[in-house]
Amino acid sequence: MKTADDTQPLWRRRRLPAFGRLATLLGASIVVTAFVVAIFAPYLTPYDPFAQDLNLRLVPPVWMESSHAAHLLGTDQIGRDYLSRLIYGTRISLLIGVLTVITSGLIGVTIGIVGGFYGGRVDALVMFLITCRLSIPLILVALTVVALVGSSLTVVILTLGLLLWERFAVVARTTTMQVRNLDYIAAAQAAGASRAHVLVREVLPNIASHLVVVATLEMALAILLEAALSFLGLGVPQPLPSWGLMIAEAKEYMFFSPWVIVTPGVALFILVLGINLLGDGLRDMLRTDLRHRGW
Amino acid sequence: MHLVFYLSTMLSFIFRRLWLSALVCLTVLVISFMLTHLSGDLAASIAGPNATAADIAIITKNYGLDRPLVVQFFDWAGHVAEGDLGRSYLFHVPVSGLIRERLPVTLALGLTGLIIAMLIALPLGIIAAMREGSAIDRGIMLIALLGQAVPGFWLGLLLIVLFGLNLQWLPISGIDTWKGYIMPGFVLAFSAIPALMRLTRSGMIEALCADYIRTARAKGLSTTTIVLKHALRNAAMPVVSITAVQLGFMLGGSVVTESVFAVPGVGYLAWESITKNDFPVVQAVVLFLAVIYIALALLADMMNALLDPRLRI
Amino acid sequence: MAPVLSIANLRVSFPRMEAVRGVSLTLRGGETHCLVGESGCGKSISALSVMNLLPRSAVRSADHIRFHEHDLLAMSERQMAWLRGDKIAMIFQEPMTSLNPAYTIGSQMAEVLERHRRASRRQALDRAAELLARVGITAPGMRLAQYPHQLSGGLRQRMMIATALMCDPEVLIADEPTTALDVTVQSQVLRLLRKLQQEMGLALLLITHDFGIVARMAEHVSVMYAGEVVESGPVEQIIKAPTHPYTRGLLNCIPVPGMTKPGEPLGSIPGGVPHIGRGFLGCGFRERCPMAARECAEPVHLHDAGEDHFYRCRLPPDWKLDASP
């Protein structure tokens, strides 16, 4: 007779507290809003984001002095409407985020599942690849590739996609290892299902929930990295309204009109926070471990 | 007898780990070479957009870019092995000299960032773990979440405007005095704080739930001893690993921070070289940062082996 | 003789469970008192309440918990910490997880004396070596430098006992100290505990689910069921004339030396331990009891069966199963 439950009466299911639920909801609504804004950008923008008006340069936002009611968030150094550029910027950030995650997810999940499922030497090779990837300085390599190949949206997406797969691989590998030994996987194999079939039909659905969490975190990272690359001038090319690029272009004016760097940065912050909140919420919902607390 | 056994297992662990690190180094060597030679036409990139076909032909010949890639690689790798990282196209001096000159600045910056990150993240992580589920814990985790969403370069610019321009407490750029390290150090630290804090917290929560903590309390030990000796020691292993890894990331991330604050370190050098097509320098910095990361990961594993008696046998 | 430790009407509740419902207990110097019952009956929780080591979500209340004349309920966590490990020591069931894997045996033993006696590391290690020898561990000097994972389960539990004895405590609480051990090792550890208890004049509160251990070790026994002490008294008395239907059932399930005839089948108690929520009234055993009646759903008082023997049941001390309707 084991009496673990006697000395440790507090094994309880971790429930999502009200605070956490609220945060997840907030995150989800930020993300949904961002997608709606991105999709309907042409209908939401008051101006053409590329249209210059050299007579109205660096007009401050409406809550500041000498602003124009027509330009809610003001205009940039060559008189383009800031709000319109911010709205179109949502498109670029989300495009980068989603496509990068799809690229890196495909690479990482394939590598991770193969390593976790086959084990042994295959797994050793997978671990080696992950180690190599981690030791490469991410931003530096991305900057170099963009500098050599030329800056475009596609190049940024592919470069980040080829670099950001390691967390997918790590999670896919560990979860596959856990799933591999379950009875029904063995049963599927015993029933004569091919390995590829077992991997795609049986393993993948079982680890999908974990991968969704990784996807949110990687998406946030990709968006931040794109902004940093564009800020350094080696990301999305001008005149695209990338938020990072907007900050870079506004940098020389920040000492006189600091709001020019504040608004795109805040947009970036809110979007990334929303994605992270959503990801954290999903992870907490997935967490089913039972814990005892003696402290 | 026991000691001999201990030493032999320890040595074989170290040997295996060194062998793996050497393999990774070799792979990174290949990658950093391919990075500049496989993407696009290197000679055209060096020559710049206004070059004529004749210019490109001359550059191709001068730099030996017409030789087969394999030959070029072994030529370069051979020189690297001798410590010769090539010559800068732009400055016409050995790359190793350039890096040696700039490295101390980047290392100092990285260490400043690491110390700031640890001073903030470790105490907050421990406090959050001790008060798990309380308002304090939630507040601390909220800080981590907010911090994760702030773009580092943007934070840098805001700090420059606030402390450099408006308050005039700190220099806007450069590192002429020690004050110059504060803002870039903080921005670098900021990127590492959330991960370090979360890991400290989760490690401490797990450790504080352990049966041996109840034993320590049953022995009547003080809270300080229980938390700092018994729990922290067991939570320390993942924290040590992530700290080393984060220092590696910070050094890699110095490209952005050094550009924002115009700090003349390796990262700034790399950024300048990239924009000016000085690829031997870029190649060397990539290789250099990778080797530092590999060394840090190795160091973390060694420290963990020392921390956990179970790993040693 | 005045009791060393006395608990009166202890109650411990968790958010969705009443774990201990009015437990009273006295422990005299030099005596072994066994707290016996199934898993989940609240015996470990009672012991942890004495040490104030309950999980955070537990709420503890009692008329008093006294160590000599000190009221432990009135003590702050700080004051309790100075008492724990010094005057009252405790050992746990799982000697592997109860030891810190990161520190040597010597370090984990020495810190007790360093804390409570302000001893130097040297003095503390000498004392540790002496106690390791006393609990029958050979080459104590070598053991002090070893880590928990290098010892066997039996050795670890001996080391736990030695650690508990570092400051010459008056009370030792042992929570199922042999449950996780092999049967042969169990017997050695029990013999050791008995020997140390007698030599050092310890008051031993031994928690177990095994009546065989009770018969072997204790002078006094309290039988717990569903958070209550259902019967308590001198061990020979209880074994000879168990009164509560649960105690009778429990004794029927095990072979007791001198009581069970060879070849006679052992009994079992049908059903399982009930969940005790807030506002539960009456006898917790009534759903499994062959003698249950309507009045069992009302609060049951403690009855005196004489000679320090008490039981919590409506039936007379000499009830017979076949005498019931």
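Residues numbered from 1 in each chain as written. Chains lettered and ligands numbered in written order. Predicted model: local features only at pLDDT ≥ 70, side-chain atom pairs only at ≥ 80, totals over all residues.

Looking now at the overall build of chain B. Of regular secondary structure, chain B possesses 13 helices and zero strands. In chain B, the succession of α and β elements from N to C terminus is α-α-α-α-α-α-α-α-α-α-α-α-α. The dimensions of chain B, computed from C-alpha atoms along their principal axes, are 85 × 65 × 30 Å. Pairs at least 24 residues apart make up 72% of the contacts formed inside chain B by residues separated by at least 6 positions. (Helix = DSSP H or I, 4+ residues; strand = E, 2+ residues; numbered from the N terminus. Contact = placed C-beta atoms within 7 Å.)

Turning our eyes to something else, we now look at the overall build of chain A. Tallying secondary structure elements over chain A gives twelve helices and two strands in all. In chain A, the order of α-helices and β-strands from amino to carboxyl end is α-β-α-α-α-α-α-α-α-α-α-α-α-β. In terms of overall dimensions, chain A has C-alpha extents of about 80 × 50 × 35 Å along its principal axes. With 295 residues in all, chain A has 48% of them scored as buried. If you take every contact in chain A between residues at least 6 apart in sequence, the share linking residues at least 24 apart comes to 71%. (Buried ≥ 20, exposed ≤ 12 C-beta atoms within 10 Å, placed from the backbone.)

All right, on to helix 9 (residues 183-190) of chain A then. By the criterion of burial, helix 9 of chain A is predominantly exposed, with just zero of the eight residues buried. One or two positions beyond helix 9 of chain A, positive phi appears at Gly192(A), with a value near 95°.

With that settled, consider the nonpolar core. Core analysis: the biggest nonpolar cluster contains 179 residues, and Ala142(A), Leu143(A), Ala228(A), Ala270(B) and Val285(B) have the highest contact counts within it. The element contributing the most residues to this core is helix 10 (residues 195-231) of chain A, with 19 residues. Apart from the residues within four sequence positions on either side, Leu143(A) is in contact with Leu229(A), Leu232(A), Leu234(A), Val255(B), Trp271(B) and Ile274(B). Leu125(C), Phe211(C), Met224(C) and Leu251(C) belong to the second-largest nonpolar core, a separate cluster that totals 92 residues. (Core = buried A, V, L, I, M, F, W, Y, C linked by C-beta atoms within 7 Å.)

This brings us to the sheet that holds strand 9 (residues 203-208) of chain C. Residue and element names in this part refer to chain C. Strand order in the open sheet made by the eight strands is 7-8-9-3-10-11-13-12, with mixed pairing throughout. Across the chains shown, the open sheet's two edge strands, defined by having one partner strand only, are strand 7 (88-91) and strand 12 (303-304). Two elements, strand 12 and strand 13 (residues 310-311), share two bridges in a ladder whose sense is antiparallel. Residue pairing across strands places His303 opposite Tyr311, the latter belonging to strand 13. (Pairing = 2+ DSSP bridges.)

We now examine the domain arrangement of chain B. Residue and element names in this part refer to chain B. Each domain of chain B was delimited in the assignment, giving domain 1 (14-84) and domain 2 (104-311). Its C-alpha centre places domain 1 at a distance of 33 Å from the equivalent point of domain 2. The set of elements that each furnish at least two residues to the side of domain 1 that touches domain 2 consists of helix 1 (2-38) and helix 2 (42-47). Among the elements that line the side of domain 1 that touches domain 2, the one with the most residues is helix 1, at ten residues. Split into classes, the residues belonging to the side of domain 1 that touches domain 2 amount to eight nonpolar, five polar and one charged. (Domains from an automatic or database assignment. Nonpolar A, V, L, I, M, F, W, Y, C, P; charged D, E, K, R; others polar.)

Quick reminder: α-helices carry 3.6 residues per turn. Residues three or four places apart thus point the same way. With eight of its ten residues buried, helix 11 (residues 266-275) of chain B lies for the most part within the structure. For helix 11 of chain B, the set of buried residues is Val266(B), Gly267(B), Tyr268(B), Leu269(B), Ala270(B), Trp271(B), Ser273(B) and Ile274(B). Among the structural elements, helix 6 (138-149) of chain A together with helix 5 (95-130), helix 10 (223-261) and helix 12 (279-307) of chain B are those in contact with the buried residues of helix 11 of chain B. Backbone geometry just after helix 11 of chain B places Asn277(B) at a positive phi near 55°.

On to the packing of helix 8 (residues 182-209) of chain B against helix 10 of chain B, then. Residues and elements named next belong to chain B. Their axes nearest at 8 Å, the elements helix 8 and helix 10 cross at an angle of 160°. By the angle between their axes, helix 8 is roughly antiparallel relative to helix 10. Two packed elements cross with a definite hand, and for helix 8 against helix 10 that hand is right-handed. (Axes fitted to C-alpha atoms, helices over the stretch in contact; angles between N-to-C directions. Parallel < 35°, antiparallel > 145°, perpendicular 65-115°, else oblique. Left-handed = near helix turned anticlockwise from the far one by under 90°.)

Moving on, we get to the interface of chain B and chain C. Of the residues lining the interface, 17 residues belong to chain B; the matching set on chain C comes to 23 residues. For the side of chain B that touches chain C, the residue count by class is five nonpolar, five polar and seven charged.

The subject of this paragraph is the packing of helix 10 of chain A against helix 12 (residues 259-286) of chain A. All names here are of chain A. The interhelical angle for the contact between helix 10 and helix 12, taken along N-to-C directions, is 165°, at an axis separation of 9 Å. As the angle between them shows, helix 10 and helix 12 are arranged roughly antiparallel. Here helix 10 runs over helix 12; the crossing is left-handed. Mapping the contact onto sequence places Ser209, His210, Val212, Val213, Thr216, Leu217, Met219, Ala220, Ile223, Leu224 and Ala227 in helix 10 and Leu268, Leu271, Val272, Ile275, Asn276, Leu278, Gly279, Leu282, Arg283 and Leu286 in helix 12. Here the residues of the contact of helix 10 with helix 12 are counted per class, giving 15 nonpolar, five polar and one charged.

Residues and elements named next belong to chain B. With 95% of its residues at a pLDDT of 70 or more, chain B has an overall mean of 84. At the low end of the mean pLDDT range in chain B sits helix 13 (residues 309-312), at 62; at the high end sits helix 9 (residues 211-218), at 92. Here the complex is predicted with pTM 0.81, and the ipTM for its interfaces comes to 0.86. (pLDDT = per-residue confidence, 0-100.)

Below, the discussion takes up the interface of chain B and chain A. Taken together, the contacts link 41 residues of chain B with 42 residues of chain A. Examining the composition of the side of chain B that touches chain A, we find that seven residues originate from one element, helix 12 of chain B, more than from any other.

Our focus in this paragraph is unusual backbone geometry. That bond from Gln238(A) to Pro239(A) is cis: its omega, 0°, falls within 30 degrees of zero. Structurally, Pro239(A) is set in the loop between helix 10 and helix 11 (243-250). Phi at His92(B) is positive, roughly 55°, even though this residue is not glycine. Relative to the helices and strands, His92(B) is located in the loop between helix 4 (69-81) and helix 5. Residue classification places His92(B) among the exposed positions, given that 7 C-beta atoms sit within 10 Å. A positive phi angle, close to 50°, is found at Ala226(C), a residue other than glycine. In this structure, Ala226(C) sits in the loop between strand 10 (220-225) and strand 11 (228-234).

This part takes up the pairing of strand 9 of chain C. Residues and elements named next belong to chain C. Of all the six residues making up strand 9, six are buried; the element is thus mostly covered by neighbouring parts of the structure. Residue alternation in strand 9 divides its side chains into two sets, Ala203, Leu205 and Ile207 and Leu204, Leu206 and Thr208, and both sets are buried. When strand 3 (residues 32-36) meets strand 9, the two strands line up parallel, connected through five bridges. Note that in strand 9 the partner of Cys34 across the bridge is Leu206. Handedness of the crossover is the feature at issue here: the chain leaves strand 8 (residues 171-175), passes through helix 7 (residues 183-200), returns alongside strand 9, and the resulting connection is right-handed. (Right-handed = clockwise from strand over helix to strand, strands pointing away.)

Attention now goes to the environment of Phe279(B). Residues and elements named next belong to chain B. Here Phe279 shows up in helix 12. Sequence-wise, Phe279 and Ile140 are 139 residues apart; in three dimensions their C-alpha atoms are separated by 44 Å. Those residues within four positions of Phe279 in sequence are excluded, and the remaining contacts are Thr36, Leu42 and Ile46.

With that out of the way, let us pick up the pairing of strand 7 of chain C. Residue and element names in this part refer to chain C. What you see with strand 7 is no split at all: Ile88 and Met90 on one side and Ala89 and Ile91 on the other are buried throughout. Pairing geometry for strand 7 and strand 8, over four bridges, is parallel. In the sheet register, Met90 faces strand 8, and the bridge partner there is Ile173.

Moving on: the environment of Met51(C). One can find Met51(C) in helix 1 (residues 43-51). In this structure the C-alpha to C-alpha distance between Met51(C) and Ile173(C), which are 122 residues apart in sequence, comes to 9.2 Å. Contacts of Met51(C), omitting those with residues within four sequence positions, involve Ala218(B), Arg84(C), Ile88(C), Met90(C) and Ile173(C).

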